[in-house]
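So you can see what is in the structure, the chains are spelled out below.
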Amino acid sequence: SGDYEDWLRSWLDLCAPLLKNSASVYICGDWQSSSAIQRVGSEYFNLRNRITWEREKGRGAKANWKNTAEDIWFFTVSDEYTFDLDAVKNRRRVVAPYRVNGIPKDWSETAEGKFRDTHPSNLWTDITVPFWSMPENTPHPTQKPEKLLAKIILASTKLGDLILDPFAGSGTAAVVAKKLDRAFVAIEADENHCLIAAKRLDMAGR
């Protein structure tokens, strides 16, 4: 809707001038907000891709398809940006190992089996939302998994880079940034969520 697009512009107007020319921008949304994020984000940045990740939890629907996916729109400020492919390659078991002159073709053999490191796609099906029994779980209603943020941060930043999260929630991006030796600025309006984030950051430090 127009109101949602106006809201997007209200904070992008503030954040965009703060970003380096080499910055990457990731904006999350569901199927209802996705088209607006694509349109408005493209007014400010260069659109690179749309990642879709499968959320294992999802509310059942009796007269519709169960909603178990979210989109992450990937933008960059310019054509000069970081993308560390080797940091985010997927290791997959080789089903039909192929050899050339007896040498493995694009795969390697380990004690655990035969594996190939493949280029990551924009469909992420290997990430679990934080269930109640997991140490990273918090009461935040839309908490993102640490692994999700780790993939983004490893791909698009270098050691020591600064990450800005203007909607920090329970602090997942900040926690992962700290674990991966990146600097961060996290902004959150809800005091309870800030307290949860502070506790998680303290635990990450220890």
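Note: the structure precedes this text.
Residues numbered from 1 in each chain as written. Predicted model: local features only at pLDDT ≥ 70, side-chain atom pairs only at ≥ 80, totals over all residues. Heavy atoms only, no water.

> Which residues make up the sheet that holds strand E7 (residues 108-110), and what values go with them?
With antiparallel pairing, the three strands of this open sheet are ordered in space as E4-E8-E7. What marks the edges here is a single partner per strand, and that holds for strand E4 (90-93) and E7. Across the sheet, the axes of successive neighbouring strands diverge by a mean angle of 40°, strand direction being ignored. Here E7 pairs with strand E8 (residues 113-118) via three bridges, running antiparallel. From the neighbouring strand, Glu 109 faces E8, where its bridge partner is Lys 114. (Pairing = 2+ DSSP bridges. Helix = DSSP H or I, 4+ residues; strand = E, 2+ residues; numbered from the N terminus. Axes fitted to C-alpha atoms, helices over the stretch in contact; angles between N-to-C directions.)

> Would you mind going over the nonpolar core in detail, with residue names and values included?
Residues Trp 53, Ile 72, Trp 124, Leu 148, Leu 149 and Ile 153 are the most contacted members of the largest nonpolar core, which totals 15 residues. Of all the secondary-structure elements, those providing two or more residues to this core are strand E2 (46-54), helix H3 (146-156) and helix H4 (172-179). The element contributing the most residues to this core is H3, with five residues. If sequence neighbours within four positions are ignored, Trp 53 has contacts with Thr 68, Ala 69, Glu 70, Ile 72, Trp 124, Ile 127, Val 129, Lys 144, Pro 145 and Leu 148. (Core = buried A, V, L, I, M, F, W, Y, C linked by side-chain atoms within 4.5 Å. Buried < 20%, exposed > 50% of the residue type's maximum accessible area, 1.4 Å probe, protein only. Contact = heavy atoms within 4.5 Å.)

> Describe the pattern of salt bridges, naming the residues involved and giving the relevant values.
Counting across every chain of the model gives 15 salt bridges. Close ionic contact of Glu 5 with Arg 39 constitutes a salt bridge, the shortest N to O distance being 2.4 Å. Of the two residues, Glu 5 is situated in helix H1 (residues 2-15) and Arg 39 in helix H2 (residues 34-44); the sequence distance between them amounts to 34 residues. Residue class for Glu 5 comes out buried when judged on its relative accessible area of 13%. With a relative accessible area of 43%, Arg 39 lands in the partly exposed category. For the salt bridge of Arg 55 with Glu 70, the shortest nitrogen-to-oxygen distance reads 2.9 Å. Taken together, the residues Arg 55 in the loop between E2 and strand E3 (69-76) and Glu 70 in strand E3 connect sequence positions 15 residues apart. (Salt bridge = Lys/Arg side-chain N within 4 Å of Asp/Glu carboxyl O.)

> Tell me about the sheet that holds strand E1 (residues 24-29), residues and numbers included.
What the four strands build is an open sheet, ordered E1-E3-E2-E9; its pairing is mixed. Because the sheet does not close on itself, it has two edges, and the strands there are E1 and strand E9 (123-124). Contacting E1, E2 and E3, H2 crosses the sheet at an angle of about 5° to E3.

> Describe H1, naming the residues involved and giving the relevant values.
Taking 1.5 Å of rise per residue, the 14 residues of H1 would be expected to cover 20 Å, and the 20 Å separating its terminal C-alpha atoms lies within 8% of that figure. Residues of H1 that are buried include every one of Glu 5, Leu 8, Trp 11, Leu 12 and Cys 15, and no others. Summarising the axial view, the buried residues of H1 lie within an arc of 140°, below the 170-degree limit, and thus occupy one face. H1 presents Asp 3 and Leu 14 as exposed residues on the side facing more than 90 degrees away from its buried surface. The inward-facing, buried residues of H1 contact E1, H2 and strand E10 (162-165). (Expected span 1.5 Å × (residues − 1). Arc of directions from axis to C-beta.)

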